[in-house]
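# Commentary on secondary and tertiary structure
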Amino acid sequence: MPCPALPDGFDFTDPDLLQHRVPLPEFAELRLAEPVRWIPQSGNVAGFEDEGYWAVTRHADVRYVSTHPEIFSSTLNTAIIRFNEHIARDSIDAQRLILLNMDPPEHTRVRQIVQRGFTPRSIRALEQRLRERAAAIVAGARALDGPFDFVTSVACELPLQAIAELIGIPQDDRTKIFDWSNKMIAYDDPEYAVTEEVGARSAAEIIAYAMSMAAERKQCPAHDIVSTLVAAEDEGNLNSDEFGFFVLMLAVAGNETTRNAITHGMHAFLTHPEQWELYKRERPATAAEEIVRWAAPVAAFQRTATQDTELGGKTIRKGDRVGLFYASANHDPEVFDRPDEFDVTRDPNPHLGFGGGGPHFCLGKSLAVLEIDLIFNALADAMPQMRLVEDPRRLRSAWINGVKELRVSAGE
Ligand code: HEM
């Protein structure tokens, strides 16, 4: 039965939607009435202006699509087209080199290599330094006079520092890497003055920087992750091109996502003061996962059908685009008790904020969870009386659930 409450022409990828209303009530309508629905006209979920797509809104269906890469490919159409447009100018083969856009068996090969940089041991090794960074970031914000923007003063820095620590980027180079990373993320939001040209140039700079790092480590291996990933190319490691694109991916995938999770988390705490009190008292280890469920910083990714197939009672044709709406799956009452409540003690919490569990499941999940834990612990220690000064200014985007500005005060 078609969903009666959804007006003709309604499009989940209209960038204005996420800007104003999250979670979207339309998701709840669709999950009930038509959980897999053809949306004929796309705003631009990933830049495909005039093509339609299937909106997949139930938790079980998002998981099914994510775990069947042989039916739903990541290669044919990509997850983040703007990102690829930037890169495509510099390398025809760019698509092939981005992990998110690969299918098995190529994906399996590269993922096995890069996973070596994300072992529990390598993440634990970062913990102490990141804890110090988090405390310093919060102390810096506390020292500001009067209300401040939480995004620029708190949420921005730790994700970038974490990636820089992980890869071993020297301190002196970090400012330029941070600058390139921020410029590279181009939006549907006209307020951002960064042009596609500047974004493309920044992406190329990051790739070139990482490739030269790789070349250096090949000459002179050290005890770091770069050396682990690139040292012995002939033994199945990454070549310099692959390493360059991998670092680029981290700068996109690990930066804005975590920044938005932290910002949404702060906003959720400030609008649910009883949860902030509970957090300060008990510091539940479950909080970071609930923040990601609630925030769904990546609202949607997409796949392309490689064959005709059935999903949710609909026939999906070979070549059709399929939008995976994590932001909807995370509120599916089939899976979550009180799905629209923010509850930092929620356990279990099988949310899909880091993906639907297939081969592309977020590589940086443990790092992201660590960062979120560290920053909120530091905030609870140093700024327990935080206050919301203004409602967040949200990002205009088709697939990133982002916040541009969140004005808060230390509240003392
Ligand atoms: C993939 C979300 C933080 C690196 C993904 C996917 C999602 C996601 C939804 C795609 C999953 C799929 O298609 O099935 C998030 C969120 C984060 C976060 C919400 C923060 C709260 C990070 C961090 C890093 C990272 C900190 C690394 C520093 C990656 C990589 C992939 C990925 C490399 C591609 C994996 C592949 O294609 O095999 N992430 N992510 N992410 N993420 Fe994250």
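Residues numbered from 1 in each chain as written. Predicted model: local features only at pLDDT ≥ 70, side-chain atom pairs only at ≥ 80, totals over all residues.

- Looking at an unreviewed UniProt entry, one finds the chain named Cytochrome P450, with Streptomyces galilaeus as its source organism.

### Quick look at the sheet that holds strand S5 (residues 300-305)
- The strand order S1-S2-S8-S5-S3 describes an open sheet built from 5 strands, whose pairing is mixed. This sheet does not close on itself; its edge strands, each paired only once, are strand S1 (36-39) and strand S3 (72-73).
- Here strand S2 (residues 53-56) runs beside strand S8 (residues 321-325); their pairing, made up of 3 bridges, is parallel. Following the sheet pairing, Ala 55 is matched in S8 by Gly 323.
- Packing of helix H3 (residues 59-66) onto the sheet brings it into contact with S1, S2, S3, S5 and S8, and relative to S8 it is tilted by some 125 degrees. (Pairing = 2+ DSSP bridges. Helix = DSSP H or I, 4+ residues; strand = E, 2+ residues; numbered from the N terminus. Contact = placed C-beta atoms within 7 Å. Axes fitted to C-alpha atoms, helices over the stretch in contact; angles between N-to-C directions.)

### Brief notes about unusual backbone geometry
- Cis rather than trans, the peptide bond between Pro 104 and Pro 105 has omega equal to 5 degrees.
- Note on placement: Pro 105 falls in the loop between helix H5 (94-97) and helix H6 (106-114).
- In this structure, the amide linkage connecting Asp 347 to the following residue, Pro 348, adopts the cis form with an omega of 5 degrees.
- Here Pro 348 shows up in the loop between helix H17 (326-329) and helix H18 (365-382).
- If you check the backbone angles, Arg 283 has positive phi at about 45 degrees while not being a glycine.
- Assignment of secondary structure puts Arg 283 in the loop between helix H15 (273-282) and helix H16 (287-295).
- A positive phi angle, close to 40 degrees, is found at Ala 296, a residue other than glycine.
- Mapped onto the fold, Ala 296 is located in the loop between H16 and S5.

### A short note on the sheet that holds strand S4 (residues 148-149)
- Strand order in the open sheet made by the 3 strands is S4-S12-S9, with antiparallel pairing throughout. Two strands bound the open sheet, and with one partner strand each, they are S4 and strand S9 (387-388).
- Across 2 bridges, S9 lies against strand S12 (residues 407-409) in antiparallel orientation. Among the inter-strand pairings, Arg 387 is bridged to a residue of S12, identified as Ser 409.

### With respect to the site of the ligand
- The environment of the ligand is formed by 28 residues, the closest being Gly 254, Thr 257, Gly 355, Cys 362 and Gly 364.
- Of the residues that constitute the shell around the ligand, the class distribution is 17 nonpolar, 10 polar and 1 charged. (Near = placed C-beta within 6 Å. Nonpolar A, V, L, I, M, F, W, Y, C, P; charged D, E, K, R; others polar.)

### Structural notes on helix H14 (residues 256-271)
- In a regular helix each residue adds 1.5 Å, so 16 residues correspond to 22 Å; H14 covers 22 Å between its end C-alpha atoms and thus fits that length.
- Burial within H14 is extensive, with 12 of its 16 residues counted as buried. (Expected span 1.5 Å × (residues − 1). Buried ≥ 20, exposed ≤ 12 C-beta atoms within 10 Å, placed from the backbone.)

### With respect to the pairing of S2
- Burial along S2 is two-sided: Tyr 53 and Ala 55 facing one way and Trp 54 and Val 56 facing the other are all buried.
- In this structure, S1 lies alongside S2, joined through 4 bridges in antiparallel fashion. Bridging from a neighbouring strand, Ile 39 pairs with Tyr 53 of S2.

### Re the nonpolar core
- With 108 residues, the main nonpolar core has Ile 206, Phe 325, Tyr 326 and Ile 375 as its most contacted residues.
- Residues in contact with Ile 206, not counting those within four places in the same chain, are Ile 177, Trp 180, Ser 181, Met 184, Val 247, Leu 248 and Ala 251. (Core = buried A, V, L, I, M, F, W, Y, C linked by C-beta atoms within 7 Å.)

### What about the packing of H16 against H18?
- Between H16 and H18, the shortest axis-to-axis distance is 9 Å and the interhelical angle comes to 110 degrees. As judged from the angle between their axes, H16 and H18 are roughly perpendicular. Between H16 and H18, the residues in contact are Ala 287, Ala 288, Glu 289 and Ile 291 and Val 369, Ile 372, Asp 373 and Phe 376, respectively.
- In the contact of H16 with H18, the residues fall into 6 nonpolar, no polar and 2 charged. (Parallel < 35°, antiparallel > 145°, perpendicular 65-115°, else oblique.)

### Things to note about the packing of helix H9 (residues 157-167) against H18
- Packing of H9 against H18 leaves a shortest axis separation of 10 Å and a crossing angle of 130 degrees. The pairing of H9 with H18 is recorded here as oblique in orientation. Both H9 and H18 take part in a crossing whose hand is right-handed. From H9, Leu 158, Pro 159, Ala 162 and Leu 166 reach across to H18, where they touch Leu 367, Glu 371 and Ile 375.
- For the contact of H9 with H18, the residue count by class is 6 nonpolar, no polar and 1 charged. (Left-handed = near helix turned anticlockwise from the far one by under 90°.)

### Remarks on the environment of Lys 365
- Along the chain, the position of Lys 365 falls in helix H18.
- Along the primary structure Lys 365 and Phe 354 are separated by 11 residues, whereas in three dimensions their C-alpha atoms are 6.8 Å apart.

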